Structures are given as C-alpha cells and as structure tokens.
Amino acid sequence: MSFEGRAHPDCINASNPYHECVEYCFRKIAEAKALRDQEEAEKREAETKYRTSENAQDQSEDPDPARQETVPEEDAATADDEQNIEENYAHLTGRQKRLFELRLKMNEARKANQTAMVAEKKKQEAPAESRGISKQKWLEDRKKKIGKLLDANGLDMSKAYMLDTQEMAEGKYKKWEKDPAPYGWDVFNQKTLYDAYKKRTKNLQIDLDDYNKQKEADPEFYRNVSSLQYGKDPKTSEAKIENMVKELKDREAKRASFSRRRKFHEEKDIDSINDRNEHFNKKIERAFGKYTLEIKNNLERGTALPD
C-alpha cells in the first residue's frame, strides 16, 4: 500500500509518510503563503523607500557647484524628499521600521569600519622622523666623515683619537671620572694606569726652573729610539731621591693600612663562628674542597651515616 501523493509538499507534516492532507492543512498552507507574499511586498516597499532616501541624501551632500547649477530641480526636491522620508517613516509598519533601522545601522558600521581601516593603515606606516635624521644614520655619516679625515692623514680607525681637540679630550676625561671604580681586567687598561699615575704624582713638587735648564743644556732631551746617547743622563740630586723613597714608603704604608669589608652573601651557607674562622675555612676550601666535595654531599643527604 502506497501513501505517496496524499501530503502537500508545503505542509508542515509532509515528512510523515502516513499523513494525508485535509481541508485544514490546505487552509494553513494558503495562509502561510499569503503571509510570505505580504512580507515580501513590505520588504520591497521598504527597500524602494530607503533607496529614495539615500539618493536624496547623496544629492543634498554633493559639493560640486556645477552639479548644483546644472540640476536645480534635484536640489529643490532634496528638502521635499527629506520631508517625505520623515512622513513615510511615520507611516511604516513595525517590520518596515525595523528593516529601515537595520539598514541605517549597516551604513554606520560600514563607515566606522572604513575609518578604522584608514587609522590602522596610518599606524602601520613608518612614522616620520621628528628631527629629520635618525640616530643610526647620524652615526654612519659621522663614521664616514671620520674615515675620510683619517685616510687624508694616513691613519686608520684605531688612531681616531688623534683627531680629538683639547676640548673634546677634556670632555671625555670628565665622563671617565664619573664612571665607577675599575673591576676585573679594567684595572690594567690604559685609562686606569693613567689615573693611578696622576694620583701618585699629585703631591710631588716639580722644579720648573731646573727642568728648563736641563732641557736647554741637552739638545736630545727628548730622545727617541735611534739616539746613541746612552748613560749620559744628568745626575739626580739627593733631595729628589729622598722624595722618591718617601713616596714609595708612604704608598706601601697606605697599602698596608687599607682594609675593605667584603660583601656578605645571604644565600651562602654559614659554616663559621667569626670572621677569622670564616677566612680560615675559605683557605681550607680552596686547598681541599674538590677532594671533600663528595663526602660533604653524602653527609648532607645522610647517605654517609651508618645504619
């Protein structure tokens, strides 16, 4: 027995193979179709009114004076169209009003999206340099300029300091004086040795008259490597020798009296009862630490203790 053809395809029970449409089903199908046709007609009417309002708005916002002069009838009708939009909106049904409002929101969202896209593009573009030139470019130009000057004088980049003026050199030394105390290998660099030399000769008294006399008496006072006048230095006076000995003794006494408190490390294990015992433990650790490391670890873990 076949039940095909007894149910209308638009019926809500058409999927049921045992259903057979009656007068009630056909009446509901007709009502649903009429409702769909009415909604489509309202939608088309709302779209037509919306397009009319958009055209009127575009014509009212057109900044072209030639267009305004050549089409005076459209400009005159713009105000009437706006009034018609307000009047028509008041007469719209609930569905038409909602559709009209949705389209307005879509336009606003499209404009906001366009504005955000333009702002994002501006952010992605490289910002303009505030002072006209970047620091990296300035350093490269300066290096090229210094390189040309060194080549003109027959020097390489390691001799760039020879181009510094007295003011530039004094400025560099002032910056160096602000640096902290040297540490590690910096103790042996040229700047640290020069500072130590200035510190040692700060309290020495110099006899300029005697210096100038020796300079005038000896034509090779400033001797170079090719000089053959060996062992002809003028005799040093006893007073100068005593001053040198006194400076050495003072320096040795100052070094002997110098004492600096070492930094205390809180995270380190405490294995001493006083400073002297701590110093002794450090010396023992340096001598036998690598041999007793395994025993110490076993004691700390408890594996070295008998059962």
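The structure we're discussing is the one just above.
This report concerns the structure included in the present document. (Residues numbered from 1 in each chain as written. Predicted model: local features only at pLDDT ≥ 70, side-chain atom pairs only at ≥ 80, totals over all residues. Heavy atoms only, no water.)

1. As for the overall build of the chain
Cut-off, in case you're wondering: To qualify as a helix, a DSSP run of H or I must reach at least 4 residues; to qualify as a strand, a run of E must reach at least 2; elements of each kind are numbered from the N terminus. The cut-offs for exposure are 20% and 50% of the maximum accessible area for each residue type, with area from a 1.4 Å probe on protein chains only; residues under the lower value are buried, those over the upper are exposed, and the others partly exposed. We call two residues in contact when some of their heavy atoms are within 4.5 Å. Method for areas: the Shrake-Rupley scheme with a 1.4 Å probe, in which residue coverage is limited to the protein chains shown.
Counting its secondary structure elements, the chain contains 10 helices and 0 strands. Sequence-ordered secondary structure for the chain, helices as α and strands as β, is α-α-α-α-α-α-α-α-α-α. Looking at the chain residue by residue over its 307 residues, the buried ones come to 8%. Here the contacts in the chain between residues at least 6 apart in sequence split such that 26% fall between residues at least 24 apart. Element-wise, carbon and sulfur atoms account for 53% of the exposed surface of the chain, whose accessible area totals about 28400 Å².

2. Considerations on a nonpolar patch on the surface
The test is simple: Patches draw on residues past 30% relative accessible area with no salt bridge. Two like charges within 9 Å are joined, as are two nonpolar side chains (Val, Leu, Ile, Met, Phe, Trp, Tyr) within 5 Å. A side-chain nitrogen of Lys or Arg and a carboxyl oxygen of Asp or Glu constitute a salt bridge if their distance falls within 4 Å.
Taken together, Tyr 173, Trp 176, Tyr 194 and Tyr 197 make up a surface patch of nonpolar side chains, about 420 Å² in accessible area. Those elements that place two or more of their residues in the nonpolar patch are α6 (166-177) and α7 (190-200). Looking at the element boundaries, Trp 176 is found in helix α6. When its relative accessible area of 34% is taken as the criterion, Trp 176 is described as partly exposed.

3. Quick notes on the pattern of salt bridges
By the definition in use, this model includes 10 salt bridges. Here Asp 195 makes a salt bridge to Lys 191, at a shortest N to O gap of 2.8 Å. Residue Asp 195 and its partner Lys 191 are located together in helix α7, separated by 4 residues, close to a single helical turn. One salt bridge in this structure joins Lys 296 and Glu 285, with 3.5 Å as the shortest N-O distance. The class of Lys 296 is partly exposed, set by a relative accessible area of 36%.

4. With respect to the environment of Ala 160
Within the secondary structure layout, Ala 160 lies in the loop between α5 (135-152) and α6. Once the C-alpha coordinates of Ala 160 and Leu 150 are considered, the two residues, 10 residues apart in sequence, prove to be 7.0 Å apart. Ignoring any residue separated from it by four or fewer positions in sequence, one finds Ala 160 in contact with Ile 146 and Leu 150.

On their own, these measurements won't tell you what the molecule is for.
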